[in-house]
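In case you want the letters, here they are:
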Amino acid sequence: MKSSSIKFIITLILISASTENGAHANNTEQQPWTILIHEYMNRVNIISWKLKNQAAGLCTRTSTDIGISTDNREAYQSKLWKQLYATVHMGEMPQVVSVAPDSPAARAGIQIGDNIAAIDGVPIAKIKANTPDPALLSDALLDQFSKVPEGHTISISVIRGTGTRDLKVTAQRVCAGKAIVETTGGLDLQSDARNVAIGTDTIAGMHNDDELALLLGHEYGHVIDHHRDLHNVTAIRQQEEQADLLGMALAKCAGYDVGRGLQFWVRFRERPFGWIFSDPTHGSVKDRIARMRAALPAVQCPLSRYADGTLPAAQIGYSRPTDE
Ligand SMILES: [Zn+2]
């Protein structure tokens, strides 16, 4: 996934600070890692679906989607496959690990744990054989769903228990942009112009979905505004501030508690020896928290662009950057 190295290094530091505080232990408990990863994927998919729906009036780039997230064993080392089957019954077929509420997949009756046997009559083995890198099969399925013509119905055959069901799913148009959970672990949180990637260790550092929604909202803010890799510190900071405000507005309109979500930033700010990590491109954390808190009451839902193309966050001291 493409991302500026600066952005990557900074988010890395940011998240490590959050996990140092023992946040990790709150969420992991004694779950097998397979169940935990699928839970993370489920949370990220549901939050992303809600954020993308709130962003519907803002996106200039859209695609179709059905609202599910899948996982497949080729994304893991083969020595782990036995364990994947033993704990989550994931075998040769990709498995549905999330169905967003009110999504086309939910309306069609797709359920978590369903194993996908065929799409539009094409067996999954054939789809897999046509996927250049089988480790990215789930990603390829999302791409396939994103290219279904709007309103077109696809047939997904799933195996649930011992039975097979053919479920008809009508694709819906939403903001383009996938949320990818990096199952190899790591503290990653980044976006390129199209997608958002988040590492499992980053998710582990979040105390609740309000915090996770605020972070994912920030990254979707970059995607929606087509932010680019910049090398000028002032311009990078401007983009970051805009992503903060747009992400906050998306999270608020999607029903998340922004005040509660900001607690992550408060923890980050209060970390020991925090001054060591002072960060010229993202601005002071204190200022970022204050700006988001001040702007919160002005956010009006649903969000939509003004006739001149500017984003609604103009209400909250935000304007779209002019291209250099
Ligand atoms: Zn950012």
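None of the values given here were measured: they were computed from a predicted structure. (Residues numbered from 1 in each chain as written. Predicted model: local features only at pLDDT ≥ 70, side-chain atom pairs only at ≥ 80, totals over all residues.)

## Observations regarding the overall build of the protein chain
Selection rule: A run of H or I in DSSP counts as a helix once it spans at least four residues, and a run of E counts as a strand once it spans at least two, with each numbered from the N terminus. In this scheme every C-beta is placed from the backbone, and a residue whose C-beta has 20 or more other C-beta atoms within 10 Å is buried, one with 12 or fewer is exposed, and one in between is partly exposed. A pair of residues counts as a contact when their C-beta atoms, built from backbone coordinates, are separated by no more than 7 Å.
Of regular secondary structure, the protein chain possesses 12 helices and 11 strands. Per-residue burial over the protein chain gives 44% buried out of 324 residues. Considering only contacts in the protein chain between residues 6 or more positions apart, those separated by 24 or more positions represent 70%.

## Observations concerning the sheet that holds strand E11 (residues 196–199)
Formally: Two strands form a pair only when DSSP identifies at least two bridges running between them. Between the N-to-C directions of two axes lies an angle of 0 to 180 degrees, each axis being a line fitted to C-alpha atoms and, for a helix, fitted only over the stretch in contact.
Spatially, E9-E11-E10 is the arrangement adopted by the 3 strands of the open sheet, whose pairing is mixed. The open sheet terminates on both sides in strands that have one partner only, identified here as strand E9 (179–182) and strand E10 (189–191). Across this sheet, the average inter-strand angle for adjacent strands is 20°, counted without regard to direction.

## Examining helix H12 (residues 285–295)
Along an α-helix, residues three or four positions apart point the same way, because every turn accommodates 3.6 residues. For clarity, the threshold we go by: An arc is given here, and it is the one of the directions from the helix axis to the C-beta atoms.
Of the positions making up H12, those classed as buried are Val-285, Arg-288, Met-292 and Ala-295. Along the long axis of H12, the arc covered by the buried residues comes to 105°, so they all point the same way. Exposed positions of H12 whose direction lies more than 90 degrees from the buried face are Lys-286, Ala-290 and Ala-294. At its buried positions, H12 is contacted by helix H9 (233–253) and helix H11 (263–269).

## Comments concerning the packing of H9 against H12
Note the following rule: Here is the rule for angles: anything less than 35 degrees is roughly parallel, anything more than 145 is roughly antiparallel, 65 through 115 is roughly perpendicular, and the remaining ranges are oblique. Handedness of a crossing follows from how the near helix is turned relative to the far one, being left-handed for an anticlockwise turn of less than a right angle and right-handed for a clockwise one. Basically, the charged four are Asp, Glu, Lys and Arg, the nonpolar ten are Ala, Val, Leu, Ile, Met, Phe, Trp, Tyr, Cys and Pro, and anything else, Gly included, counts as polar.
At a closest axis distance of 10 Å, the pairing of H9 and H12 adopts a crossing angle of 40°. When the axis of H9 is compared with that of H12, the two are oblique. Considering the relative orientation of H9 and H12, their crossing is right-handed. When H9 is examined against H12, the residues Glu-241, Asp-244, Leu-245 and Met-248 are found in contact with a partner set consisting of Arg-288, Arg-291, Met-292 and Ala-295. Among the residues forming the contact of H9 with H12, the class breakdown is 4 nonpolar, no polar and 4 charged.

## A short note on the pairing of strand E3 (residues 95–99)
Across a regular strand the side chains alternate sides, sitting on one face of the sheet and then on the other. The buried fraction of E3 is high, at 5 of 5 residues. Note: strand E2 (residues 68–71) against E3, 4 bridges, orientation antiparallel. What sits directly across from Ser-69, in E3, is Ser-98.

## Observations concerning the pairing of strand E6 (residues 153–160)
Here 4 bridges tie strand E4 (residues 115–119) to E6, and the two strands are oriented antiparallel to one another. Each residue of the ladder has a partner; that of Asn-115, found in E6, is Ile-159. With 8 bridges joining them, E6 and strand E7 (residues 163–170) adopt antiparallel strand pairing. When the sheet's bridge partners are listed, Ser-155 is paired in E7 with Lys-168.

## Let's talk about the confidence of the model for the protein chain
We count it as follows: Every residue carries a pLDDT, the predictor's confidence in it, which falls somewhere between 0 and 100.
For the protein chain, per-residue confidence averages 83 on the pLDDT scale, and residues scoring 70 or more make up 81% of the total. Considering only residues more than four positions removed or in separate chains, one finds that residues 1–28, a stretch of pLDDT under 50, has 48 contacts.

## Things to note about H9
Formally: Take the residue count of a helix, subtract one, and multiply by 1.5 Å to get its expected span.
End to end, H9 covers 30 Å across 21 residues, agreeing with the expected 30 Å (1.5 Å per residue, within 8%). Within H9, 15 of the 21 residues are buried, which leaves the element mostly enclosed by the surrounding structure. Residue Gly-255 follows H9 closely and has a positive phi angle near 95°.

## Digging into the nonpolar core
Under the convention used in this document: We define the nonpolar core as any set of buried residues of the types Ala, Val, Leu, Ile, Met, Phe, Trp, Tyr and Cys, connected via C-beta atoms lying within 7 Å of each other. Domain start and stop positions are those given by an automatic or database domain assignment.
In this structure, Val-44, Leu-51, Ala-213, Leu-216, Leu-250 and Ala-251 are the most contacted members of the largest nonpolar core, which totals 70 residues. Domain assignment of the residues forming this core places at least three in each of domain 1 (5–29 + 178–316) and domain 2 (62–175). Leave out the neighbours within four places in its chain, and Ala-213 touches Ile-47, Leu-51, Ala-251, Ala-254, Tyr-256 and Gly-261.

## Focus: the environment of Pro-123
Relative to the helices and strands, Pro-123 resides in strand E5 (residues 122–123). Note: C-alpha distance between Pro-123 and Ser-157 (34 residues apart in sequence) is 8.9 Å. The residues contacting Pro-123, other than those within four sequence positions of it, are Ala-117 and Ala-118.

## As for the packing of helix H2 (residues 33–54) against helix H8 (residues 209–224)
Following both chains from N to C, one finds H2 and H8 inclined at 55°, their axes separated by 10 Å at the closest point. Viewed along their axes, H2 and H8 adopt a mutual orientation that is oblique. Once H2 is placed against H8, the crossing between them reads as right-handed. Residues Arg-43, Val-44, Ile-47, Ser-48 and Leu-51 of H2 lie in contact with H8, whose contacting residues are Asp-209, Leu-212, Ala-213, Leu-216, Gly-217 and Tyr-220. In the contact of H2 with H8, the residues fall into 7 nonpolar, 2 polar and 2 charged.

## Regarding unusual backbone geometry
A cis amide bond, omega -5°, links Cys-301 with the succeeding residue Pro-302. Inspection of the secondary structure assignment puts Pro-302 in the segment after H12. The backbone of His-89 shows a phi angle near 55°, a positive value even though the residue is not glycine. Judged by the 13 C-beta atoms lying within 10 Å of it, His-89 is partly exposed. Here the phi dihedral of Asp-102 falls at roughly 60°; this positive angle occurs in a residue that is not glycine. If you trace the backbone, Asp-102 turns up in the loop between E3 and helix H4 (104–108).

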